[in-house]
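# Structure assessment
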Amino acid sequence: MNITDERRGDVLVVRPEGRIDTNTSDELDRALVGRIDGGARRLVIDMGGTDYISSAGLRVLLLAAKKLKGVSGQLVLGAMNPSVRQIFELAGFVAIFAIEPDVDRAVARAAG
């Protein structure tokens, strides 16, 4: 997995690429917690480069969202491909997360 990020104003866009599963979820967890502990409060996860997410990956995103909520922050997911969105829907996570169809809308939602 490759994880990059980009700052857009006070919103940090994090881009995990590849599969988020039991083999890679710890890496994503460390990356997100590190950024939150480093002061990021408005996070967008660009899911456009993610082709699969397992329950371990869902757990990482849920924990990051809870950590941000505890510090009055926000997590927004954007650019989710249909197969990943289906996993979110089956897990009932569509109702839990702020999800936007593209990164620009996700950034606008996180900023506003």
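An account of the accompanying structure is given in this report. This one's a predicted model, so the numbers in the text were calculated from it and none came from an experiment.

### A short note on the pattern of salt bridges
Where charged atoms from two side chains of opposite charge approach closely, those side chains can pair. Inspection of the entire model under this criterion finds 11 salt bridges. Among the salt bridges present, the one from Arg8 reaches Asp104, with a minimum N-O distance of 2.7 Å. Residue Arg8 is found in strand 1 (residues 2-8), and its partner Asp104 is found in helix 4 (residues 103-111); the two are separated by 96 residues along the sequence. Between Arg109 and Glu100 there is a salt bridge whose closest N-O contact spans 2.8 Å. Here Arg109 falls in the partly exposed class, since its relative accessible area comes to 38%.

### Some remarks on helix 4
When helix 4 is considered as a whole, its buried residues turn out to be Val103, Ala106, Val107 and Ala110. Around the axis of helix 4, the buried residues are gathered within 100° of arc, so they sit on the same side. Where helix 4 is buried, its residues meet strand 1, strand 2 (11-20), strand 3 (42-46), strand 5 (74-78) and strand 6 (98-100). Where helix 4 begins, the capping side chain belongs to Asp102, and its oxygen is found 3.2 Å from the backbone nitrogen of Asp104.

### Let's talk about the packing of aromatic side chains
Here the structure, examined in full by the defined rule, presents 3 aromatic pairs. Their ring planes at 75° and their centres at 6.5 Å tell us that Phe88 and Phe93 sit as a pair that is edge-to-face. Ring centres 5.8 Å apart and planes at 75° place the aromatic pair Phe88 and Phe97 in the edge-to-face group. When sorted by exposure, Phe88 lands in the same class as Phe97, which is buried. These aromatic residues form a ring-pair network of at least three members: Phe88, Phe93 and Phe97.

Parameters and conventions
Residues numbered from 1 in each chain as written. Predicted model: local features only at pLDDT ≥ 70, side-chain atom pairs only at ≥ 80, totals over all residues. Heavy atoms only, no water. Salt bridge = Lys/Arg side-chain N within 4 Å of Asp/Glu carboxyl O. Helix = DSSP H or I, 4+ residues; strand = E, 2+ residues; numbered from the N terminus. Buried < 20%, exposed > 50% of the residue type's maximum accessible area, 1.4 Å probe, protein only. Arc of directions from axis to C-beta. Contact = heavy atoms within 4.5 Å. Polar contact = N/O pair within 3.5 Å; in protein donor to acceptor, adjacent residues only side chain to side chain. Phe/Tyr/Trp six-rings, centres within 6.5 Å; stacked < 30°, edge-to-face > 60°.

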